[in-house]
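This is what each chain is made of:
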Amino acid sequence: MDLTAISPTLLIASLMVAATPLLLAALGELIVERAGVLNLGVEGMMITGAICGFAISVETGSPYLGLVFAAIGGALLSLLFALLTQLVLANQVASGLALTLFGLGLSALLGQSYVGVKPPSMARLDLPGLSDLPFVGRVLFSHDPVLYFGIALTIATWAFLKFTRAGLILRAVGENHTAAHALGYKVVRVRILAILFGGACAGLGGAYISLIRVPQWTEGMTAGIGWIALALVVFASWKPLRVLLGAYLFGGLSVLQLNLQAAGLAVPVEYLAMSPYIITILVLVLMSADKSRAPASLGRIFHASS
Amino acid sequence: MLTLERRPEPNRRVALLTPIIAVVTTMIVGGLLFGALGTNPITAIETIFWEPLFGEFAFYYRPQLMVKGAPLVLIAIGLSLGFRAGIWNIGAEGQYIIGALCGAGVGLAFYPTESWLIFPLMVIAGAFGGFVWAMIPAILKTRFGTSEILVSLMLVYVAEQFLASMALGLMKNPEGFGFPGSRNLQQYASAHNAELFTGTGMHWGVVAALIAVIAAYVLLNRHMLGYHIRLTGEAPRAARFAGVNPTRLVLFCLGTSGALAGLAGLFEVSGPAGMVSIDFNVGYGFTAIIVAFLGRLHPVGILLAGLLMALTYIGGEIAQSNLGLPAAAIQVFQGMLLFFLLAADLLTNYRIRLARTEAA
């Protein structure tokens, strides 16, 4: 094998690209879980966002419009989850699974005529001067805008949870919904909004895969990234900045794994391809010793009568 | 204004009715979906639910009901035990694959020896493979408190990669002219899970599924362990005071569901599928989740739900070839069923009341 074939510049640059869908989806799920709701439908919302964004981009020729509709598509699907768990009081685990199964089917149905189509590409950010810097310019200053949006969203989420009144209410609802209800906060409304935000983020993350990272449409193309995003929230102890760190770590691993495949490491491709999932399990094991940071009302059904 | 009022206890009559409500609603909404896709909704629903049972070629499709229903029922029975106790094994697809690989591996290792002992050995190996794969999330859960949901699901992707590596590598047919996939077990009499009665679709997997249904029924209704499972699901605190050992329960539920999924995988790979190939698994492990819920986590219910789901698979294939309905439409249809079922569950636990708006 030839390790010199792996360029550190490209490796870091593509690491950031690989991390972005994870980051977006995990940030959305983080807000959902901080509001006390466990939505296991991330994978389903991501893949729905992926095809919504792809289809709209291809039809209109505008990747930006595609991204907007991906977020809308993800949010619409999450609305189903919100209705089921918040108004109809269904079990959250089962509803999340239903969302994933339904989303996978729906995306396959919508995507039939888009297999093999090439989407319009998104212009990279090009800052004169900065983007031309050696190494740093290539690594930091010549990506697509969504990647920067992801980083900005991380900081915004952190600030929202830490400094704003709305963030405080969200956390209160997640920690103790009965107390929040007694204080007069609309538990169900807060949670529905959080779920919609989570859906929009997951949809955006999915569209990032189909429009920028890959870019093409294949059935089931999210390949478990939604589930890894769920694990990432646990890994990050429900803290936004740690989600960023975790996403870059996972992004790095998956890119490194692909690079090693290309460089011809003497390990069969399949074993390299399973490594991100195995590492996710290991990380989960390491992080699950401390459960105290999980929102206290996570996954519990709220009904004002009880 | 409509308000919800919690019932003192779940209404059992309504609980029996909800699957029927869900199926009918799914038929209506699914029909609308098929209509939107340009197919006559009534023809589509008729093709899916009537054609396989009473249509012109029903003699061919009816046995298929057994073939497709057996793995679904077998997996769903295992899953339902855990689901009842709040233990979520959603990685049955992975356990199914590993079970199939272990079982087929034993069979292929003996090739071309002929002996009646080979098939029983494969069955044991299949169950064992699924069991071991399910023990990973079980032990991590009991030892470190890791979420069994995420671990069991991650292991599906690991299993799929492992399957690819086996189908293209170790288990590849040496006389297969370079094509991927193992030897065809259907052509190896000692390892073939053949039909027990020609033309019925009845193979050993069907027998195992029926035994599982009866065993689960007895376990849940007549055995202490089954009582503990139900108690843990319905009143976790009470279960703890009653001295239920949660560790043992997790190991038992995950282990059993893994072994059953492994068995289902083995019966599939040595029978209807015939060989280890990259994509011999068709998502039964995930569909079985829907079957378990649709059957109200009750053994008899699961048996009926498994048959119904098998019907949608077969009917879906007919609709695909006759009406040009896309395969994904059936997947959407099955997902929708689970949605409506969860929504209809509301009626079991709550009463909908027309209430006057109270003054604030």
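Relevant structure appears above.
Now for a quick tour of the structure. (Residues numbered from 1 in each chain as written. Chains lettered and ligands numbered in written order. Predicted model: local features only at pLDDT ≥ 70, side-chain atom pairs only at ≥ 80, totals over all residues. Heavy atoms only, no water.)

**A word on unusual backbone geometry**
Residues and elements named next belong to chain A.
Now for step 1: The phi torsion at Leu89 lies on the positive side, around 55°, for a residue other than glycine.
Now for step 2: Checked against the element boundaries, Leu89 lands in the loop between α3 (63-87) and α4 (92-111).
Now for step 3: The class for Leu89 is buried, based on a relative accessible area of 10%.
Now for step 4: Despite not being glycine, Ala223 shows a phi value in the positive range, around 40°. (Helix = DSSP H or I, 4+ residues; strand = E, 2+ residues; numbered from the N terminus. Buried < 20%, exposed > 50% of the residue type's maximum accessible area, 1.4 Å probe, protein only.)

**Points about the pattern of salt bridges**
All names here are of chain B.
Now for step 1: Here the structure, examined in full by the defined rule, presents 2 salt bridges over all chains.
Now for step 2: In this structure, the salt-bridge partner of Lys68 is Glu317, at a minimum N-O distance of 3.8 Å. In this pair, Lys68 is assigned in helix α4 (residues 58-84) and Glu317 in helix α13 (residues 299-323), connecting sequence segments 249 residues apart.
Now for step 3: In this structure, Lys141 engages Glu148 in a salt bridge whose closest nitrogen and oxygen atoms are separated by 3.0 Å. (Salt bridge = Lys/Arg side-chain N within 4 Å of Asp/Glu carboxyl O.)

**Comments concerning the packing of aromatic side chains**
Residue and element names in this part refer to chain B.
Now for step 1: For the structure shown, the criterion picks out 15 aromatic pairs over all chains.
Now for step 2: Plain terms: the ring middles of Phe49 and Phe333 are 5.9 Å apart, the flat faces sit at 50° to each other, and that makes the pair tilted. A residue pair is termed long-range when its members are at least 10 positions apart, and Phe49 in helix α2 (residues 41-49) and Phe333 in helix α14 (residues 327-344) qualify at 284 residues. In terms of burial, Phe49 and Phe333 fall into one category: buried.
Now for step 3: Measuring from centroid to centroid gives 5.8 Å for Tyr284 and Tyr313, while their planes differ by 85°, and the two rings are edge-to-face. With Tyr284 in helix α12 (residues 284-294) and Tyr313 in helix α13, this residue pair connects regions lying 29 residues apart in the sequence. This pair shows no difference in class: Tyr284 is buried, exactly as Tyr313 is.
Now for step 4: Each member of the aromatic cluster is reached from another via a ring pair, and the members are Phe34, Phe49 and Phe333.
Now for step 5: A cation sits over an aromatic face here: Arg143 above Phe144, 5.3 Å from the ring centre. (Phe/Tyr/Trp six-rings, centres within 6.5 Å; stacked < 30°, edge-to-face > 60°. Lys NZ or Arg CZ within 6 Å of the ring centre and 35° of its normal.)

**What to know about a nonpolar patch on the surface**
Residue and element names in this part refer to chain B.
Now for step 1: Taken together, the side chains of Leu2, Leu17, Ile20, Ile21, Val24, Ile28, Leu32, Leu347, Ile352 and Leu354 make up a nonpolar region of the molecular surface, amounting to roughly 970 Å² of accessible area.
Now for step 2: Secondary structure elements with two or more residues in the nonpolar patch: α1 (12-36) and β2 (350-354).
Now for step 3: Ranked by residues supplied to the nonpolar patch, first place goes to α1 with 6 residues. (Patch = residues over 30% accessible without salt bridge, like charges linked within 9 Å, V, L, I, M, F, W, Y side chains within 5 Å. Areas by Shrake-Rupley, 256 points an atom, 1.4 Å probe, with all protein chains shown as cover.)

**Here's the deal with the packing of helix α10 (residues 225-235) of chain A against helix α12 (residues 269-287) of chain A**
Residue and element names in this part refer to chain A.
Now for step 1: Between α10 and α12, the shortest axis-to-axis distance is 9 Å and the interhelical angle comes to 25°. Considering the angle they form, α10 stands roughly parallel to α12. Every pair of crossing elements has a handedness; the one defined by α10 and α12 is left-handed. Across from Ile228, Ala231, Val234 and Phe235 in α10, the residues of α12 making contact are Tyr277, Thr280, Val283, Leu284 and Met287. (Axes fitted to C-alpha atoms, helices over the stretch in contact; angles between N-to-C directions. Parallel < 35°, antiparallel > 145°, perpendicular 65-115°, else oblique. Left-handed = near helix turned anticlockwise from the far one by under 90°. Contact = heavy atoms within 4.5 Å.)

**Some remarks on the interface of chain B and chain A**
Now for step 1: Contacts between the two partners involve 40 residues from chain B, matched on the other side by 44 residues from chain A.
Now for step 2: Of the roughly 3600 Å² buried at the junction of chain B and chain A (both faces included), carbon and sulfur atoms supply 81%.
Now for step 3: Of all residues in chain B, Leu150(B), Met154(B) and Phe339(B) bury the most surface against chain A, accounting for 19% of the area lost on that side.
Now for step 4: At the surface where chain B touches chain A, the tally comes to 0 salt bridges.
Now for step 5: Across the chain B-chain A interface, the total number found is 2 residue pairs in polar contact (both at pLDDT 80 or more). (Buried area = accessible area lost by both parts, 1.4 Å probe. Polar contact = N/O pair within 3.5 Å; in protein donor to acceptor, adjacent residues only side chain to side chain.)

**Thoughts on the packing of α4(B) against α12(B)**
Residue and element names in this part refer to chain B.
Now for step 1: Interhelical geometry of α4 versus α12 gives an angle of 65° and a closest axis separation of 8 Å. α12 is crossed by α4, and the crossing has right-handed handedness. Between α4, through Lys68, Pro71, Leu72, Ile75, Ala76, Leu79 and Phe83, and α12, the contact on the second element is made entirely by Tyr284, Gly285, Thr287, Ala288, Ile289, Val291, Ala292 and Phe293.
Now for step 2: Residue classes in the contact of α4 with α12 are distributed as 12 nonpolar, 2 polar and 1 charged. (Nonpolar A, V, L, I, M, F, W, Y, C, P; charged D, E, K, R; others polar.)

**Here we look at helix α7 (residues 148-168) of chain B**
All names here are of chain B.
Now for step 1: Given a rise of 1.5 Å per residue, 21 residues ought to cover 30 Å, and the 30 Å separating the end C-alpha atoms of α7 matches this to within 8%.
Now for step 2: Within α7, 17 of the 21 residues are buried, leaving the element largely enclosed by the surrounding structure.
Now for step 3: Its side-chain oxygen at 3.3 Å from the backbone nitrogen of Ile149, Ser147 defines the N-terminal cap of α7. (Expected span 1.5 Å × (residues − 1).)

**Some thoughts on the nonpolar core**
Most often, soluble globular proteins have nonpolar side chains that are buried together.
Now for step 1: Trp227(A), Leu74(B), Ile75(B) and Phe293(B) are the most contacted members of the largest nonpolar core, which totals 188 residues.
Now for step 2: Once residues within four sequence positions are removed from consideration, Ile75(B) is found in contact with Ala92(B), Tyr96(B), Ala261(B), Ala264(B), Tyr284(B), Gly285(B) and Ala288(B).
Now for step 3: Formed by 16 residues, the second largest nonpolar core is a distinct cluster that contains Met135(B), Ala138(B), Ile229(B) and Val244(B). (Core = buried A, V, L, I, M, F, W, Y, C linked by side-chain atoms within 4.5 Å.)

**Points about the side chain of Glu148(B)**
Residue and element names in this part refer to chain B.
Now for step 1: Position of Glu148 among the secondary structure elements: in helix α7.
Now for step 2: Reaching out from Glu148, the side chain makes a polar contact with the backbone nitrogen of Trp88 at a distance of 2.8 Å.
Now for step 3: A polar contact is formed between the side chain of Glu148 and the side chain of Lys141, at a distance of 3.0 Å.
Now for step 4: Discounting residues that sit within four places of it in the chain, Glu148 has contacts with Gly86, Ile87, Trp88, Pro137, Lys141 and Leu254.

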